[in-house]
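Report on the structure
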Amino acid sequence: VKTIGVLTSGGDAPGMNATIRAVVRTALANGLKVKGIMRGYAGLLDEEIIDMDAKSVSDIINRGGTILYTARCPMFKEPEVQKKAADICKKNGIDGLVVIGGDGSFQGASRLAENGINTIGIPGTIDLDIACTDYTIGFDTAVNTAMEAIDKVRDTSTSHERCSIIEVMGREAGYIALWCGIANGAEEILTVEHYDGNEQRIIDSVLEKRKVGKKHHIIVNAEGIGDSYGLAQRIEAATGVEARATIIGHIQRGGNPTCKDRVYASTMGAKAVDLLIRGKTNRVIAYKNGEFVDFDIQEALAMKKELDPYLYSMAKKLSR
Ligand code: ATP
């Protein structure tokens, strides 16, 4: 490869900037050129392509978000659009491409690989819901942000002897809810993977915990279940215990990345460039069993992972 393009796609995640920086500087260190593609696949189709040098990525390792912006581009699923995008890469001299995003973005990357552009995916999402990897860029920061927010709610919840329902992000995956549930010592963790919709059990548990003298009752609810305000009202009506809902929301997507996110995101960026230099394509970088590895994109997309059953059952025991 001579020129590497880099783009961010799908939802943003803290640490993406650290990856962009690592891609740019690793490529430059190897005598390659780098082009930044703005706004994901949408920007690629609009030829929003900029030259990047070492200074273009100054002062960003500590910043959340993505300096390249991100977008969704539904029409990228069409084969003629994918071919057009590959032609635009070729026209701009881009013969290697790094795509930072989630599973949808990897599908797009794989299609570009089929169209002759050497492409490597990097898992960037706060949700941790990419099966091939135990780590995704942004999860560590997001879960720490949510944990700190829940600590704050807990202080006031205890003072007022309330039940607090705190909704964290994760439309389809309960990793943030599970990790916060454990880290914040929640009485209840509701995830799309495990919640059976049995509100009576939650109500009984609130009453039971009151009887044994608990001053608060923290319920961490995943976005995918939602209806936190409704749940609070129903718990209050059924138990007489004052209940309040807090939706933490997009705060979880931003902020300065944690040390782990900066280091892992940098490593993944550097590894992606190493793979391109070695002539690899259609691969995704992953962190598995304590090591950085890479998989064929289609193989990675076919993998499945479960919301840690051990952590989930442990959380239940610890919340007594
Ligand atoms: P996140 O899970 O954080 O939202 P994601 O990468 O999974 O990230 P998507 O919105 O699913 O987010 O995908 C991002 C973009 O990737 C889409 O807008 C589209 O341009 C492209 N994409 C998604 N699915 C496909 C597909 N099957 N074929 C080609 N391109 C796709």
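See the structure above.
A short tour of the structure in this document, coming up.

Calculation rules
- Residues numbered from 1 in each chain as written.
- Predicted model: local features only at pLDDT ≥ 70, side-chain atom pairs only at ≥ 80, totals over all residues.
- Helix = DSSP H or I, 4+ residues; strand = E, 2+ residues; numbered from the N terminus.
- Expected span 1.5 Å × (residues − 1).
- Buried ≥ 20, exposed ≤ 12 C-beta atoms within 10 Å, placed from the backbone.
- Pairing = 2+ DSSP bridges.
- Axes fitted to C-alpha atoms, helices over the stretch in contact; angles between N-to-C directions.
- Contact = placed C-beta atoms within 7 Å.
- Near = placed C-beta within 6 Å.
- Nonpolar A, V, L, I, M, F, W, Y, C, P; charged D, E, K, R; others polar.

With that out of the way, let us pick up helix 9 (residues 259-277). Between its first and last C-alpha, helix 9 extends 27 Å over 19 residues, near the 27 Å set by a 1.5 Å rise per residue. Inspection of helix 9 places Asp261, Arg262, Tyr264, Ala265, Ser266, Met268, Gly269, Lys271, Ala272, Val273 and Leu276 among the buried residues, and these make up the whole buried set. After helix 9 finishes, the residue Gly279 shows a positive phi value of roughly 80°.

In a beta sheet, neighbouring strands pair by backbone hydrogen bonds and run either parallel or antiparallel. Overall, mixed pairing links the seven strands, which are arranged 3-2-1-4-5-10-11 in an open sheet. The open sheet terminates on both sides in strands that have one partner only, identified here as strand 3 (49-52) and strand 11 (291-296). On average, each strand axis in the sheet is inclined to that of its neighbour by 25°, with strand direction left out of account. Bridge count between strand 2 (residues 33-37) and strand 3: four bridges; the pairing is antiparallel. Along strand 3, the bridge assignment pairs Ile37 with Ile49. This element, helix 4 (residues 103-114), spans strand 4 (96-101), strand 5 (118-123) and strand 10 (283-288) of the sheet and lies at about 170° to strand 5. Its contacts with the sheet put helix 9 on strand 1 (3-8), strand 4, strand 5, strand 10 and strand 11, and the angle it makes with strand 5 is roughly 165°.

The strand order across the open sheet built from four strands is 7-8-6-9, with neighbouring strands paired in parallel fashion. The outermost strands of the open sheet, each flanked by one partner alone, are strand 7 (188-190) and strand 9 (243-247). Strand-to-strand, the axes of this sheet are offset by a mean angle of 15°, without reference to chain direction.

Within the structure, the ligand sits among 18 residues, and Gly10, Gly102, Gly104, Ser105 and Gly108 are positioned closest to it. The residue makeup of the shell around the ligand, split by class, is four nonpolar, ten polar and four charged.

Function cannot be read off these values alone, since they describe shape.
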